[in-house]
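Letter by letter, the chains look like this.
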Amino acid sequence: MASSQQQQTQNMLRLDTKQTKRSTMLLEQPVTRQRRDKVSLSAFAFLLAEMIRYTQNRVLGIQDLEAKLNELGQRVGVRVFELTMSREKTVRRETRVLQMLVFINSVVWRTLFDKSADSLERSTESEDEYMITDNEPAILKYISVPKEMASFSPGAFISGIVESIAACCQCPARVTSHAVPVDGFPVRTVILLKFDKEVMEREKRLEAGK
Amino acid sequence: MIHSVFIINRSGGLIYNKNYSTHIAQLSSNEALIFAGTFHGIHALASRIAPTGNATGAKDTGIQTIDTMNFRLHCFQTPTGIKFIAATDLLHTTLTDVLTKVYELYCDYALKSPFYNLEMPVRSDLFDANMLHLVQQY
């Protein structure tokens, strides 16, 4: 009787370790993966839709909604930056504005969306504003904003990611996202970076010192 | 030639209604709602009064096509109870593949949009644009 009970508890323990073994194996996978892992876009689209609905219930107004999504994106951005730095062997952290923008445009976009961003421009009106354009951000592909919220851009999540990466590269900026649809690209998004005054002054000094 | 597409939710309410042919008479919005409710009812009746089940004893799937002299009405019911209905000319004998694609578009552009509430009318520009593109191919 006692031995069969012992057997039972032993079996249960064995099952338990099997479960924990599986979950620790997931955490013990190497960070530098060999092959390109893909996440299901549908799964992420559902998650993002629920994130937007969740924040919508807790804010009053479109500006607040974009600010909250921006905050969520910032948390992702810090981790994406660390991961990219450890995975990509051929990059170093950029501290100059232009190099950092090129880094975001190509390396970060490729890590996140498997393509590089479509264009990088400097604004002609103010010299501290730069724009990254994406003609069809994959994660926003299925979102259609109703007419009464026409000024809302769900790319606020992406602008949060960019904002925290800019901060990690010592070029703090205020980053916002704007939906600028054109013919054939209804979900086209422009990420606008407005760098802080200190950053621009530092750039001027570095340029003059050259 | 697909004349029009209707989507009916699980409780029989009309959530999408679009005409793609300009030369046929258009239903008013009231008539479309009545049509949706009526069709939901007769579809339920048809699946109940089926004289024999199939081999596995599963319920009958209900109405699949309705033929008339001038047009044919196709219906595709999803496992979740949503019905996709298309009115076409007599050249199309079965439209299940097209209606499956409509189901895919619905899953993509309606269900993944944060601004769509379930069982409510579908108001999505991307859905309309993709539907137009799909219908124009047939």
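Here, every reference points to the structure presented above.
Residues numbered from 1 in each chain as written. Chains lettered and ligands numbered in written order. Predicted model: local features only at pLDDT ≥ 70, side-chain atom pairs only at ≥ 80, totals over all residues. Heavy atoms only, no water.

Caption draft 1: Region of the structure containing the pairing of strand E1 (residues 2-8) of chain B. Residues and elements named next belong to chain B. Taking burial as the measure, the seven residues of E1 include seven buried ones, the bulk of the element. With six bridges connecting them, E1 and strand E5 (residues 83-88) associate as antiparallel partners. Paired with Ser-4 across the bridge in E5 is Ala-87. As defined by bridge partners, E1 adjoins strand E2 (residues 14-19) across five bridges and the pair is classed as antiparallel. By the bridge assignment, Phe-6 is partnered in E2 with Asn-17. Between E1 and E2, which pair antiparallel in sequence order, lie five residues; one of them, Gly-12, sits at a positive phi of approximately 95°. (Buried < 20%, exposed > 50% of the residue type's maximum accessible area, 1.4 Å probe, protein only. Helix = DSSP H or I, 4+ residues; strand = E, 2+ residues; numbered from the N terminus. Pairing = 2+ DSSP bridges.)

Caption draft 2: Quick look at the layout of surface pockets. All names here are of chain B. As a volume, the second largest pocket reaches approximately 470 Å³. Taken together, 23 residues make up the lining of the second largest pocket; nearest its centre are Tyr-116, Pro-121, Val-122, Arg-123 and Ser-124. With five residues, the single largest contributor to the lining of the second largest pocket is E2. Across the lining of the second largest pocket, the residue classes break down as 12 nonpolar, five polar and six charged. (1 Å grid on protein atoms, 1.4 Å probe; cavity = no way out; pocket = protein on both sides within 12 Å on 5 of 7 lines; lining within 4 Å. Points joined across faces, edges and corners; volume = space filled by probe spheres on them. Nonpolar A, V, L, I, M, F, W, Y, C, P; charged D, E, K, R; others polar.)

Caption draft 3: Just the packing of aromatic side chains, in detail. Evaluated as defined, the whole model comprises 14 aromatic pairs over all chains. Here Phe-84 of chain B and Tyr-103 of chain B contribute two aromatic rings whose centre-to-centre distance is 5.4 Å and whose plane-to-plane angle is 50°, an arrangement assigned as tilted. Remark: Tyr-103 of chain B occurs in helix H2 (residues 96-111) and Phe-84 of chain B occurs in strand E5; sequence separation between them is 19 residues. Judged by its relative accessible area of 0%, Phe-84 of chain B is buried. Put simply, the rings of Phe-76, Phe-84, Tyr-103, Tyr-106 and Tyr-116 of chain B pair up and form one aromatic cluster. In this structure, Arg-58 of chain A packs its charged tip against the face of Tyr-54 of chain A, placed 3.8 Å from the ring centre. Sitting over the ring of Tyr-142 of chain A, Lys-112 of chain B keeps its end group 4.5 Å from the ring centre. (Phe/Tyr/Trp six-rings, centres within 6.5 Å; stacked < 30°, edge-to-face > 60°. Lys NZ or Arg CZ within 6 Å of the ring centre and 35° of its normal.)

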